[in-house]
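This is what each chain is made of:
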Amino acid sequence: MSGVNRKARSDTTPLLDRKYHSFSATYNTNRNTSVIFLEMAAAVAAAKSSRSVFLGVDVGTGSARAGLFDESGKLLGSASSPIQIWKEGDCVEQSSTDIWHAICAAVKSACSLADIGGEEVKGVGFAATCSLVAVDADGSPVSVSWSDDSRRNIIVWMDHRAVKQAEKINSCSSTVLQYCGGAVSPEMQPPKLLWVKENLKDSWAMVFRWMDLSDWLSYRATGDDTRSLCTTVCKWTYLGHAHMQQMNEKDSRDMEACGWDDEFWEEIGLGDLIDGHHAKIGRSVAFPGHPLGSGLTPAAAKELGLVEGTPVGTSLIDAHAGGVGVMESVPESSSEAKEHEEEAICHRMVLVCGTSTCHMAVSRNKLFIPGVWGPFWSAMVPEFWLTEGGQSATGALLDYIIENHVASPSLANRAASRKISLFELLNSILESMMHETKAPFLAALTEDIHILPDFHGNRSPIADPKAKGIICGMTLDTSEKQLALLYLATVQGIAYGTRHIVEHCNAHGHKIDTLLACGGLAKNPLFLQQHADIIGCPIILPRENESVLLGAAILGAVAAKRYSSLIEAMKALNAPGKVIHPSKDPKVKKYHDAKYHIFRELYAQQLSQRSLMAQALA
């Protein structure tokens, strides 16, 4: 047992003793009252100790967060702790040591705020960005930085240093490329690994384990090196469907890795990763939520303030945890026959809207979609094929547009003085502008401003990391109103990008007609309404805003054997909230159709311009 667990017992017993002694003078004359009091106190203590709480941990780009959920999926308490990040050009790096310390602080704060003792936490799950972690044989960090700073042992997901390496890999003829939209992205792990080998030879020689961040977290917590089908399949080109005939999810266990394509690794110049049965990149894999090792190690339990042996589930990438935390958050439909319930999940797409946006959809059959990642077998929902679209900069793009405008400081001060968010203030300015200009609807305010949001390349469905952002319709106006218009046009550009992904997926076999949204941007009503109007689909919000944390907690619940499968846990712990419906005004649809046409033209024009300049410099 951890020190915190012992503390919980020593805190509880003396408390009852003190209360008992304070009543001792009247005990003989009021024995019934005292007995009732003690019985009530004992009942409360027993109820608390028997309560099942599941902990989800999510490591995002800027912070580590912890959330505690009960058996109905209700959030009991959460806390966050900032994490350090280094940005130098295309290189973005973090520290696994710093991240673990932030996690420990967040977990302890969440438990304290929710008044939950370590012994009440029955299962733990981790989710994190798909960043690449390097450690040596002792588990110590190995630098992946030009600075040679050993703290900087993580190449962050958004890092784009490996564009040339991605191009080299994509020039090969390996069949694994079919399962990531036809091309690897510089945000995936093989290009980053190749970059390190080519540029940091000493570090390459020192690394004993290369791990996705969420896998490293579960390894740090349990000492079990088993990797997740989510991370390996989505970011490492592992072919999860190699296990289709070998396993079924109900008796899930860690499986010997048989989905690595050795010819691929040799062809791209990383054949040394095959050594030792792929020991450096993963010798065994498991379905998300599979219980790892013997649960929390004594050291990890002490650091987290939890109990040794608490079950820990195989991890998920953060966006995929969001999918698990929201995919079943749909209102019950009496018209939906029971036999069609299983297929209904295939009509949904989850938008996980944060620094970037990920678009998650599942299908029973594998669907090959050019420019869209996947199909990934069992990478999110076991035994379903996952399609994963994405936009590399959404929340980050909105921050960039706002923070780099001259009117931003005054708006930020005004929002702070009114104790509202900057987005809320911008939304209210747009409402006022609509009334002042007598615009037919709010979206019409941007008829002269068009934005292509590919400021960090295009992840889907074009898969062009060299794509650039475009703003059309700029003037010399530097007012707050002009900033509000740029903000609205950026939101619309992001929504047109999502529409492009949805239409592209449906053109290649999906039947998506419902969106579910979670993440920070999903708290912005303007962002949601523009998406609903532009895509023409209802958007369902989950009851709990913290869907990524809930998805991570679900992994802990499955690891603790409280549910027989991930799907069963999702159905039990997901719950619907508000539904955003698209506008029924035909003028709104006509307007967005026109702007979407311009949106598509902007990229075509960029390609033409790129070709002209290449010829001029040839």
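From a predicted model like this one, the values you see are computed outputs, not experimental measurements. (Residues numbered from 1 in each chain as written. Predicted model: local features only at pLDDT ≥ 70, side-chain atom pairs only at ≥ 80, totals over all residues. Heavy atoms only, no water.)

**Q** Before we move on, can you summarise the sheet that holds strand β10 (residues 227-228) with the specific residues and values?
**A** Read from one edge of the open sheet, 3 strands run β10-β12-β11, paired in mixed fashion. The two strands at the open ends of the sheet, each matched to only one other strand, are β10 and β11 (255-256). In the sheet, β10 pairs with strand β12 (residues 284-286) via 2 bridges, with the strands oriented parallel. Directly across from R227, in β12, lies its bridge partner V285. (Pairing = 2+ DSSP bridges. Helix = DSSP H or I, 4+ residues; strand = E, 2+ residues; numbered from the N terminus.)

**Q** Describe unusual backbone geometry, listing the residues and the values that go with them.
**A** Most peptide bonds take the trans configuration, and most residues that are not glycine carry a negative phi. With omega at 5 degrees, the peptide bond leading from G374 into P375 counts as cis. For P375, the location among the structural elements is in strand β16 (residues 373-377). Along the chain, S460 connects to P461 via a cis peptide bond; the corresponding omega equals -5 degrees. Within the secondary structure, P461 sits in the loop between β18 (450-452) and β19 (470-472). Its identity is not glycine, yet H278 carries a phi of approximately 65 degrees, on the positive side. By secondary structure assignment, the location of H278 is in helix α11 (residues 275-278). On the basis of relative accessibility, which here comes to 10%, the residue H278 falls in the buried class. With a phi angle near 55 degrees, K438 is a residue other than glycine that sits in the positive phi range. The topology assignment puts K438 in the loop between α17 (422-437) and β18. (Buried < 20%, exposed > 50% of the residue type's maximum accessible area, 1.4 Å probe, protein only.)

**Q** Kindly report on a nonpolar patch on the surface, identifying the contributing residues and their values.
**A** Taken together, the side chains of Y400, F455, I471 and M474 make up a nonpolar region of the molecular surface, amounting to roughly 370 Å² of accessible area. Overall, the relative accessible area of 31% leaves I471 in the partly exposed class. (Patch = residues over 30% accessible without salt bridge, like charges linked within 9 Å, V, L, I, M, F, W, Y side chains within 5 Å. Areas by Shrake-Rupley, 256 points an atom, 1.4 Å probe, with all protein chains shown as cover. Salt bridge = Lys/Arg side-chain N within 4 Å of Asp/Glu carboxyl O.)

**Q** How would you summarise the environment of E568 if you had to cite specific residues and measurements?
**A** Topologically, E568 is positioned in helix α21 (residues 566-573). Taking relative accessible area as the criterion, E568 reaches 34% and is therefore assigned partly exposed.

**Q** Talk me through the state of the cysteines; I want residue IDs and the actual numbers.
**A** Considering all chains together, one arrives at 0 disulfides under this definition. Note on C518: no disulfide assigned, nearest cysteine sulfur contributed by C353 at a separation of 6.8 Å. A relative accessible area of 2% means that C518 is categorised as buried. (Disulfide = S-S within 2.5 Å.)

**Q** Talk me through the confidence of the model for the protein chain; I want residue IDs and the actual numbers.
**A** Averaged over all residues, the pLDDT of the protein chain is 91; the fraction at 70 or higher stands at 89%. Low pLDDT (under 50) marks residues 334-339, which in the prediction has 2 contacts with non-local residues, meaning those over four places away or in another chain. (pLDDT = per-residue confidence, 0-100. Contact = heavy atoms within 4.5 Å.)

**Q** Go over empty space enclosed by the protein with me, naming the residues and quoting the values.
**A** As enumerated under the stated definition, the model contains 3 cavities of 30 Å³ or more in all. Approximately 100 Å³ is the volume attributed to the largest cavity. Every residue lining the largest cavity is counted, 16 residues in all, and those nearest its centre are Q391, P453, D454, N458 and S460. Put simply, the parts of the chain that give the lining of the largest cavity at least two residues each are β17 (385-391) and α18 (480-507). Here the lining of the largest cavity takes 3 residues from α18, the largest share from any one element. Here the lining of the largest cavity is composed, by residue class, of 5 nonpolar, 9 polar and 2 charged. By volume, the second largest cavity is sized at about 60 Å³. In this structure, the second largest cavity is lined by V176, Y179, C180, V233, T237, Y238, L239, G240, H241, P375, F376 and W377. Per-element accounting of the lining of the second largest cavity gives the leading share, 3 residues, to β16. (1 Å grid on protein atoms, 1.4 Å probe; cavity = no way out; pocket = protein on both sides within 12 Å on 5 of 7 lines; lining within 4 Å. Points joined across faces, edges and corners; volume = space filled by probe spheres on them. Nonpolar A, V, L, I, M, F, W, Y, C, P; charged D, E, K, R; others polar.)

**Q** Quick rundown of the packing of aromatic side chains? Include the residues and the values.
**A** Throughout the structure, instances matching the rule amount to 16 aromatic pairs. Where Y496 meets Y596, the ring centres are 6.2 Å apart and the plane angle is 45 degrees; that geometry is what we call tilted. Linking Y496 in helix α18 with Y596 in helix α22 (residues 586-617), this pair joins segments that are 100 residues apart in sequence. Three or more aromatic residues link up through ring pairs in this structure, and these residues are Y238, W260, F264 and W265. Positioned over the ring face of W195 is R161, at 4.5 Å from the centre of the ring. (Phe/Tyr/Trp six-rings, centres within 6.5 Å; stacked < 30°, edge-to-face > 60°. Lys NZ or Arg CZ within 6 Å of the ring centre and 35° of its normal.)

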